[in-house]
Amino acid sequence: MAEAAKNIVLHIADVHKSFGGLHALADVDLAVEEGKTHAIIGPNGAGKSTLLNVIVGKLEPTRGKVVLDGELLTGKKPHEINQMGVARVFQTPEIFPELSVLDNVMISAFAKRDGAFKLNIMNSLESETDIQEKARKIIIDFGLDKQINEHSGALSRGHKRRLELAMCLIQEPRLLLLDEPTAGMSRHDTSTTIDLLKEIKSTGMTIVIIEHDMHVVFSVADKVSVLAGGRIIAEGSPEEIRASEKVKKAYLGEAQ
Amino acid sequence: MFKLEKKDAILLLIVALMLIFAPFILNPFPENSGLAQFNAGYPDLMQRFVFFGIFAIGFNILFGLTGYLSFGHAIFLGVGSYAAIWVMKLLTMNILLAIIVAIIISGLAALVIGWISLRRSGIYFSIITLAFAMMSFALAYSVLTPITGGETGLQPKVTDPRILDSALLAGDTPKANLFGLDMTATYNWQVGDWVFTFNVGYYVAAILMFLCFYLSIRIFSSPFGMMLRAIKSNQQRMNYSGLNSKPYTLAAFVISGMYAGLAGGLMVAMDTQVGPERMFWTASGEVVVMTILGGAGTLVGPFLGAGLIKYMENIISKINVGVLHDWFYWLPDWLENFVVTIIYPFVGKGWNLTLGVIFMLVVIFIPGGLVEGIRRIINWFVKRKNISASREITDSDNMQQAGEIQQAGEEAASRGKNNG
Ligand SMILES: Nc1ncnc2c1ncn2[C@@H]1O[C@H](COP(=O)(O)OP(=O)(O)OP(=O)(O)O)[C@@H](O)[C@H]1O
Ligand SMILES: [Mg+2]
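Residues numbered from 1 in each chain as written. Chains lettered and ligands numbered in written order. Predicted model: local features only at pLDDT ≥ 70, side-chain atom pairs only at ≥ 80, totals over all residues. Heavy atoms only, no water.

## Some remarks on the sheet that holds strand β7 (residues 175–179) of chain A
Residues and elements named next belong to chain A. Across the sheet, 6 strands lie side by side as β6-β7-β8-β3-β9-β10; this open sheet has mixed pairing. In the strand order of this sheet, the two ends are held by β6 (86–89) and β10 (231–236), each with one partner. Going from strand to strand, the sheet's axes swing by 20° on average, the running direction of each strand aside. Two strands pair when backbone bridges link them, and β6 and β7 are joined in this way by 4 bridges, in the parallel orientation. Bridge pairing in β7 links Val 89 to Leu 178. Contacts between helix α5 (residues 157–169) and the sheet are confined to β6 and β7, with β6 contributing the most and set at about 175° to the helix. Lying on the sheet, helix α6 (residues 187–202) is in contact with β3 (37–41), β7 and β8 (206–210); it crosses β8 at an angle near 150°. (Pairing = 2+ DSSP bridges. Helix = DSSP H or I, 4+ residues; strand = E, 2+ residues; numbered from the N terminus. Axes fitted to C-alpha atoms, helices over the stretch in contact; angles between N-to-C directions. Contact = heavy atoms within 4.5 Å.)

Right, here's the structure in full:
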């Protein structure tokens, strides 16, 4: 309350989503502040991915709205929402498996520069030196330079994730959405990912991260919302969440 | 060269040389030899290679890059043809205008049909285009008869208005021309037993095909081409990366439709007639086979596929029972009859059967098509060359090894001696 009028980047207001009789999301309100990393945790099937799907326009909410920097996202198409500055890494990597790592990243860069559609046949890919260089640089930064000309479908799962993250970051998004970026990773890879996330965070990026690994959550999150059964049952700083009996119960309930 | 990568420039050069020297390449056999029937260097067939080459190169931009399999592209071949013939009837016999109008009208047709068909993807898209193909043919045959001439088709008549041309002299027939250059003009060059035919129409078509191929290379190596590949690879990711896949697919559809329209317009420019069978749905299927046979998504594949199919359709189909008996006359009679009976179903009217077998073998064993086959052969030769080059090195290794073995043998022998 003391420091009022924080800049809210993403505002989710009263969002409901039901599939038939199943209420995947109910009464969800969420505000993500600029430059902050907001973690969403919760047991399996809590509705976390569904929430991201509503944000990026994959799903239309049954009720409620999603607002980015004061502009309504609800009802817009996925490519429009991305062009407004929302980039997403999926739970299972979504890349262009038949294309090379370089091509994957370049496609993203073209989308940022040229918009949703451009009939660009006057230039060859080789003559697009700006995009080439930008893409190569980020690929090296992400440690994928050895694989730069490989089919991205042949990459390991961890590398695919990295690639997808690079594809998002080359667009310098306003809001970065991460769906379990460390799932299935070894302890070593997880800790390098934490370092990477911290680095991204340090650039002032606004991030929403879904994560099961509490170690990751407590390393990077500024704020945590706990989703269970489609409702937000707790919200607060990582320390508050760690101490909350309610949250423990929700997780223990899942474990049994 | 022409802002192209070296590899692509070489490819373009090869295609250019093939087009220029086609009258020689396709006529390798002396005129009076028994093999002369395998010569394909006559204007009619050479032109057909080019029409269908253009058709397939364009089709490949849609199917090869985006993976959207249209079963209706012969519609645009037909639309281009009808548009061109009407230009010839109403405006001028100058083929330039006919061809331009053919491209524009077929582009518009592709815009409408593509816009509707592309609401769905995968098999549903294919079926919608197939439905359009059947409808177009039926329409050309029935309701649209005033425009299409129905079953008999259309051709320029002496009595047509042709408002841009000066009146024909008495007894003259309208001739397709390019600023006065007659498309049917032909020059035969006799060299010993060989005859080579140079036809104006063929070379005009070949120049256009060269341009089409060049444009196709540019599209393949452009950011636009990369987006089309992205559509085939993962449309979801495209959309979430901020790209609208719809207009990209539609653009590819329209471009390929315009290629087909150009091919159709050229057909009319060369033989000044059209009938609805040109857009029968099997013609749409044929271009699919051409593209896959040659190698979908490769630059020259569709052109090769088109060439092979048109060659078989025109050359293999000419082999009849008499020809077969001539070939195998040296066998004992019963064996000759047997062999002819076995082979006959696969040649002559049965050329489709041979094509079917070839198509199946290619799809099963070299799914990348003829282009992949050629690449494999080249790789095999390169590898062999490398092996023989590296043999000299390994030879010295072997020598050393042989020395070691000999030494070991001697040691063993001396040990044996000691033990004994
Ligand atoms: N498209 C859909 N159609 C029907 N039901 C769906 C759909 N998407 C999700 N659900 C259901 O909604 C609920 C929430 O799913 P969601 O994927 O959002 O969970 P989650 O919190 O991401 O779980 P996890 O941790 O396993 O990824 C689940 O019961 C799921 O079966
Ligand atoms: Mg999930």
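## Here we look at the site of ligand 1
Residue and element names in this part refer to chain A. Around ligand 1 sit 13 residues in total, of which Asn 44, Gly 45, Lys 48, Ser 49 and Thr 50 are the nearest. A distance of 2.9 Å separates an oxygen atom of ligand 1 from a polar atom in the backbone of Gly 45. In the environment of ligand 1, an oxygen atom lies 2.9 Å from a nitrogen or oxygen atom belonging to the side chain of Gln 91. Its free accessible area being 640 Å², ligand 1 has 62% of it covered by the protein chains. For the shell around ligand 1, the elements supplying multiple residues, two or more each, are β2 (22–33) and α1 (48–56). For the shell around ligand 1, the leading source of residues is α1, giving 3 residues. Per-class residue counts for the shell around ligand 1 are 4 nonpolar, 7 polar and 2 charged. (Near = heavy atom within 4 Å. Polar contact = N/O pair within 3.5 Å; in protein donor to acceptor, adjacent residues only side chain to side chain. Areas by Shrake-Rupley, 256 points an atom, 1.4 Å probe, with all protein chains shown as cover. Nonpolar A, V, L, I, M, F, W, Y, C, P; charged D, E, K, R; others polar.)

## Remarks on the interface of chain A and chain B
At the junction of the two partners, chain A supplies 38 residues and chain B supplies 27 residues. Counting the contacts that link chain A with chain B gives 1 salt bridge. At the junction of chain A and chain B, the tally comes to 18 residue pairs in polar contact (both at pLDDT 80 or more). Of all elements in the fold, only α2 (78–83), β6, α3 (101–114) and α5 of chain A reach the threshold of two or more residues within the side of chain A that touches chain B. No other element matches α3 of chain A, which puts 6 residues into the side of chain A that touches chain B. Taken together, the residues that form the side of chain A that touches chain B break down as 20 nonpolar, 9 polar and 9 charged. (Salt bridge = Lys/Arg side-chain N within 4 Å of Asp/Glu carboxyl O.)

## Topic: the coordination of the magnesium ion (ligand 2)
All names here are of chain A. In this structure, Ser 49 (OG) and Gln 91 (OE1) serve as the protein donors to the magnesium ion (ligand 2), at separations of 2.0 to 2.3 Å. Taken as a pair, Ser 49 in helix α1 and Gln 91 in the loop between β6 and α3 lie far apart in primary sequence, 42 residues in all. In this structure Gln 91 comes out as partly exposed when scored by relative accessible area, which is 33%. (Donors = N, O, S within 2.8 Å, 3.2 Å for Na, K, Ca; no water. Buried < 20%, exposed > 50% of the residue type's maximum accessible area, 1.4 Å probe, protein only.)

## Things to note about the nonpolar core
Formed by 162 residues in total, the largest nonpolar core has its most connected members in Leu 165, Leu 176 and Ile 200 of chain A together with Ile 54, Ile 95 and Met 270 of chain B. Take this core: its biggest share by element is 16 residues, from helix α11 (residues 245–271) of chain B. The next biggest cluster of nonpolar side chains, apart from the first, holds 27 residues, and it includes Val 28, Val 32, Val 66 and Leu 175 of chain A. (Core = buried A, V, L, I, M, F, W, Y, C linked by side-chain atoms within 4.5 Å.)

## So, the pairing of strand β1 (residues 8–19) of chain A
Residues and elements named next belong to chain A. Two strands pair when backbone bridges link them, and β1 and β2 are joined in this way by 8 bridges, in the antiparallel orientation. Counterpart to Ile 12 in the pairing with β2 is Leu 30. In this antiparallel pair of consecutive strands, β1 and β2, the connection spans 2 residues, and Gly 20 shows a positive phi of 60°. Sheet topology places β1 next to strand β4 (residues 63–68); 5 bridges connect them, and they run antiparallel. Along β4, the bridge assignment pairs His 11 with Val 67.

## A few points about empty space enclosed by the protein
For the coordinates displayed, the defined rule picks out 3 cavities of 30 Å³ or more. If you add up the space inside the largest cavity, you get close to 80 Å³. For the lining of the largest cavity, the secondary structure elements donating two or more residues are α5 and α6 of chain A. Broken down by element, the residue count for the lining of the largest cavity peaks at 3 residues, all from α5 of chain A. Per-class residue counts for the lining of the largest cavity are 6 nonpolar, 1 polar and 2 charged. When its volume is computed, the second largest cavity comes out at roughly 40 Å³. Lining of the second largest cavity is provided by Phe 110, Ala 111, Asp 114, Gly 115, Lys 118 and Asn 120 of chain A together with Pro 223, Phe 224, Met 227, Leu 243 and Tyr 248 of chain B. Those elements giving two or more residues to the lining of the second largest cavity turn out to be α3 of chain A together with α9 (223–233) of chain B. Among the residues making up the lining of the second largest cavity, the classes are represented as 7 nonpolar, 2 polar and 2 charged. (1 Å grid on protein atoms, 1.4 Å probe; cavity = no way out; pocket = protein on both sides within 12 Å on 5 of 7 lines; lining within 4 Å. Points joined across faces, edges and corners; volume = space filled by probe spheres on them.)

## Notes on the pattern of salt bridges
Residue and element names in this part refer to chain A. Taken as a whole, this structure holds 20 salt bridges over all chains when the rule is applied. Salt-bridge contacts for Arg 174 lead to Asp 69; the nearest nitrogen and oxygen are separated by 2.6 Å. Of the two residues, Arg 174 is situated in the loop between α5 and β7 and Asp 69 in the loop between β4 and β5 (71–72); the sequence distance between them amounts to 105 residues. You can call Arg 174 partly exposed: its relative accessible area is 27%.

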